[in-house]
Amino acid sequence: MKLAMMLAAAITLGATAGAGCSRGDDVTPRQQAYPRAAVYDSAYTAIDSAGVTIMANSAATVTCPRHRWLDIAYPAYKATIHITVTEAAEPDDYAAAIANRHERMRLNIGDAEAAVLQYAGADSSWRSEMVVCAEPIATPLQFVAHDGRRIVSGATFFADITPATDADSIAPMLATLRRDVIVMLKSLR
């Protein structure tokens with residue numbers, strides 16, 4: 001009898017302890033959800049800017065605020081890729097303009113760690129460098145491309161990035177913009 005009572009008490013305690021640790025059938029949503037940005041489709045449209053053909057995401061909004069400037073806006077991300085096209089008349093001007101773009105990219109990155117990726121255009125006349133920073137900075141993606149006489153440079157600007165922004169919060173958006181910039185750099189003509 002004593003053994004039966006001890007066995008019953010152990011089963012009861014085990015059931016009670018298990019019930020206290022389980023979540024049960026409660027499927028109430030979290031009070032605060034993680035942001036989920038829609039991924040833009042990978043369809044592209046050719047845009048001509050100052051004699052250079054640039055492939056831009058078809059779902060993005062493309063504007064030309066000034067001659068030789070192009071803005072590709074991604075409203076769902078509150079991000080814009082600002083692009084300029086420069087044509088240098090003299091070789092010294094050309095080298096100085098590329099050096100200026102590299103310096104601007106370094107200044108925009110600051111102390112953050114970044115990766116530099118290099119690409120060649122479809123017809124091999126364009127050479128490109130893209131700087132990608134995974135840290136939450138306002139301009140995490142920048143690039144410069146040149147073909148010997150023209151320079152296409154750009155920077156992606158996120159309007160809502162603050163020092164408190166987590167890097168993984170912008171990672172899906174940055175991956176989409178990176179994909180689009182790679183398509184752009186590889187298809188320049």
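Residues numbered from 1 in each chain as written. Predicted model: local features only at pLDDT ≥ 70, side-chain atom pairs only at ≥ 80, totals over all residues. Heavy atoms only, no water.

1. Some points on the sheet that holds strand β8 (residues 141–146)
Strand order in the open sheet formed by 7 strands is β3-β4-β5-β9-β8-β7-β6, and the pairing between neighbours is antiparallel. The open sheet has two edge strands, β3 (61–63) and β6 (115–120), and neither has a second partner. The sheet shows a mean angle of 15 degrees between the axes of neighbouring strands, direction not considered. Examined bridge by bridge, strand β4 (residues 69–74) and strand β5 (residues 79–87) share 6 bridges and lie antiparallel to one another. Each residue of the ladder has a partner; that of Trp-69, found in β5, is Thr-84. (Pairing = 2+ DSSP bridges. Helix = DSSP H or I, 4+ residues; strand = E, 2+ residues; numbered from the N terminus. Axes fitted to C-alpha atoms, helices over the stretch in contact; angles between N-to-C directions.)

2. Some details on the nonpolar core
Within the largest apolar cluster, 33 residues are counted, with the highest numbers of intra-cluster contacts made by Ile-83, Met-130, Phe-143 and Val-152. The set of elements that each furnish at least two residues to this core consists of β2 (52–57), β4, β5, β7 (127–132), β8, β9 (150–158) and α3 (167–186). Of all the elements, α3 adds the most residues to this core, at 8 residues. Dropping the residues within four chain positions of it, Ile-83 is found in contact with Ile-54, Arg-68, Trp-69, Leu-70, Asp-71, Ile-72, Phe-143, Val-152, Ser-153, Gly-154 and Met-184. Judged by nonpolar contacts, the second largest core, of 12 residues, contains Met-105, Cys-133, Ile-137 and Ile-151. (Core = buried A, V, L, I, M, F, W, Y, C linked by side-chain atoms within 4.5 Å. Buried < 20%, exposed > 50% of the residue type's maximum accessible area, 1.4 Å probe, protein only. Contact = heavy atoms within 4.5 Å.)

3. Comments concerning the packing of aromatic side chains
Counted under the stated rule, the structure contains 3 aromatic pairs. A ring pair is formed by Tyr-40 and Tyr-74, whose centres lie 5.0 Å apart and whose planes are at 85 degrees; its orientation type is edge-to-face. Here Tyr-40, found in the loop between α1 (2–21) and β1 (44–49), pairs with Tyr-74, found in strand β4; they are 34 residues apart in sequence, far enough to count as distant. Plain terms: the ring middles of Tyr-74 and Tyr-77 are 6.1 Å apart, the flat faces sit at 5 degrees to each other, and that makes the pair stacked. Aromatic ring contacts, followed pair by pair, group Tyr-40, Tyr-74 and Tyr-77 into a single cluster. Positioned above the aromatic ring of Trp-69, the side-chain terminus of Arg-66 is 3.9 Å from the ring centre. (Phe/Tyr/Trp six-rings, centres within 6.5 Å; stacked < 30°, edge-to-face > 60°. Lys NZ or Arg CZ within 6 Å of the ring centre and 35° of its normal.)

4. Section: unusual backbone geometry
Look at Ala-50: it is not a glycine, yet its phi comes out positive at around 55 degrees. Note on placement: Ala-50 falls in the loop between β1 and β2. The exposure class assigned to Ala-50 is partly exposed, which follows from its relative accessible area of 26%. With a phi close to 70 degrees, Arg-68 is a non-glycine residue in the positive phi region. Along the chain, Arg-68 falls in the loop between β3 and β4.

5. Re the pattern of salt bridges
Evaluated as defined, the whole model comprises 4 salt bridges. A salt bridge links Asp-147 to Arg-150, with the shortest nitrogen-to-oxygen separation between them at 2.5 Å. The class for Arg-150 is buried, based on a relative accessible area of 9%. For Asp-180, the salt bridge goes to Arg-179, with nearest N and O atoms at 3.0 Å. Its relative accessible area of 2% is what places Asp-180 among the buried residues. Residue classification places Arg-179 among the partly exposed positions, given a relative accessible area of 27%. (Salt bridge = Lys/Arg side-chain N within 4 Å of Asp/Glu carboxyl O.)

6. A look at α3
With 20 residues, α3 should cover 28 Å at 1.5 Å per step; its first-to-last C-alpha distance of 27 Å lies within 8% of that length. Buried within α3 are the following residues: Ile-170, Met-173, Leu-174, Thr-176, Leu-177, Asp-180, Val-181, Ile-182, Met-184 and Leu-185. (Expected span 1.5 Å × (residues − 1).)

7. Quick notes on the pairing of β7
Where β6 meets β7, 6 bridges bridge the pair, whose relative direction is antiparallel. Bridge pairing links Ala-120 to Arg-127 in β7. In textbook terms, the turn of a hairpin is the stretch between consecutive antiparallel strands, and for β6 and β7 this stretch comprises 6 residues, one of which, Ser-124, has a positive phi near 65 degrees. Strand direction decides the pairing type here: β7 and β8, joined by 6 bridges, are antiparallel. Looking across to β8, one finds that Ser-128 is bridged to Ala-145.

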